[in-house]
Structure formats: structure tokens, C-alpha cells
Amino acid sequence: MITELVLNAFTWTCWIAAFGAVGAYAYSFIKHRPHSRLWNSAGLLLTGIALTQVPLFLREGAAGPGPGGLHAGLAIGFLSLAVLLQAVTALRRRKRAT
């Protein structure tokens, strides 16, 4: 079973990454006005939304006894890494096509 301290750390990590993802998506959309940017960084928005659901699964005991906590931690870690990499990709400066 996941201890309360670890559960709280997982929850905060999910929420911080989720708000960061949605914020990066909104900033990218506002900064790069063409509507094609809306679809290019949609994975960022969807990953952020998925991260908001993970704490609910953990609170309901989906992680369960045994290695469930490890699997939950790995999923949160990889989803958070995906947010970071997608945010860097969405917000990087590109040369203008001539």
C-alpha cells in the first residue's frame, strides 16, 4: 500500500505537471496565433488532463498492495516527463520560413 506521504507527493506532482501542461498549451496557442498550433500541441493538453485523473485512481486504491506504488510512480514520472518534453517542443523558437 502506498503511504500517505508518497500519495501526497504523487498527487502534487500530478497537479503541478497538469497545470504546467495546460499553461504551456495556452501560452503556445496565444503566442503562435495560427490555428495549426492548436493541433500541434494538443498532446500537451491531453497529457495534462490525463494527469489530473491519476490522483483519483491513487486515492481509490487502484495502486493496491505490492508493486502498485512503483507502477503508479513510474506512470506519473513518465507522464510528467512527457509534459516537459512537449512543452519544450511547443514553446521553442523556430526560424521563419522565407
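Presented here is a report on the structure given in the accompanying data block. (Residues numbered from 1 in each chain as written. Predicted model: local features only at pLDDT ≥ 70, side-chain atom pairs only at ≥ 80, totals over all residues. Heavy atoms only, no water.)

1. Side note on the overall build of the chain
Point 1. Regarding its fold elements, the chain presents four helices and zero strands.
Point 2. Listing the helices and strands of the chain from first to last along the sequence gives α-α-α-α.
Point 3. A buried classification covers 34% of the 98 residues belonging to the chain.
Point 4. Long-range pairs, those at least 24 residues apart, make up 75% of the contacts in the chain with a sequence separation of at least 6. (Helix = DSSP H or I, 4+ residues; strand = E, 2+ residues; numbered from the N terminus. Buried < 20%, exposed > 50% of the residue type's maximum accessible area, 1.4 Å probe, protein only. Contact = heavy atoms within 4.5 Å.)

2. As for helix α3 (residues 42–59)
Point 1. Counted at 1.5 Å a residue, the expected span for α3 with its 18 residues is 26 Å, and the 27 Å between its end C-alpha atoms agrees.
Point 2. Buried within α3 are the following residues: Ala-42, Leu-44, Thr-47, Gly-48, Leu-51, Thr-52, Val-54, Pro-55 and Leu-58. (Expected span 1.5 Å × (residues − 1).)

3. Digging into the side chain of Ser-80
Point 1. Note on placement: Ser-80 falls in helix α4 (residues 68–91).
Point 2. We classify Ser-80 as buried; its relative accessible area is 17%.
Point 3. A distance of 2.9 Å separates the side chain of Ser-80 from the backbone oxygen of Ile-76, its partner in a polar contact.
Point 4. Discounting residues that sit within four places of it in the chain, Ser-80 has contacts with Thr-13, Ala-17 and Leu-51. (Polar contact = N/O pair within 3.5 Å; in protein donor to acceptor, adjacent residues only side chain to side chain.)

4. Observations regarding the environment of Ala-82
Point 1. For Ala-82, the position within the fold is in helix α4.
Point 2. With 34 residues separating them along the chain, Ala-82 and Gly-48 place their C-alpha atoms 9.6 Å apart.

5. Focus on the nonpolar core
Point 1. Leu-44, Leu-51, Leu-58 and Ile-76 are the most contacted members of the largest nonpolar core, which totals 17 residues.
Point 2. In this structure, Leu-51 is in contact with Cys-14, Ala-17, Ala-18, Leu-79, Ser-80 and Val-83, ignoring residues within four places of it in sequence. (Core = buried A, V, L, I, M, F, W, Y, C linked by side-chain atoms within 4.5 Å.)

6. A word on a nonpolar patch on the surface
Point 1. Nonpolar side chains collect at one region of the surface, where Leu-70, Leu-74, Phe-78, Leu-81, Leu-84, Leu-85 and Val-88 lie side by side and expose about 710 Å² of accessible area between them.
Point 2. Note on placement: Leu-74 falls in helix α4. (Patch = residues over 30% accessible without salt bridge, like charges linked within 9 Å, V, L, I, M, F, W, Y side chains within 5 Å. Areas by Shrake-Rupley, 256 points an atom, 1.4 Å probe, with all protein chains shown as cover. Salt bridge = Lys/Arg side-chain N within 4 Å of Asp/Glu carboxyl O.)

7. Some remarks on the environment of Val-83
Point 1. Relative to the assigned elements, Val-83 resides in helix α4.
Point 2. For the pair formed by Val-83 and Ala-18, sequence separation is 65 residues and the distance between their alpha carbons is 8.0 Å.
Point 3. Val-83 has contacts with Ala-17, Ala-21, Leu-44, Thr-47 and Leu-51, leaving out every residue within four places of it along the chain.

8. Some points on helix α1 (residues 4–31)
Point 1. End to end, α1 covers 40 Å across 28 residues, agreeing with the expected 40 Å (1.5 Å per residue, within 8%).
Point 2. Among all positions in α1, only Leu-7, Phe-10, Thr-11, Cys-14, Ala-17, Ala-18, Ala-21, Ala-24, Tyr-25 and Ser-28 are buried.

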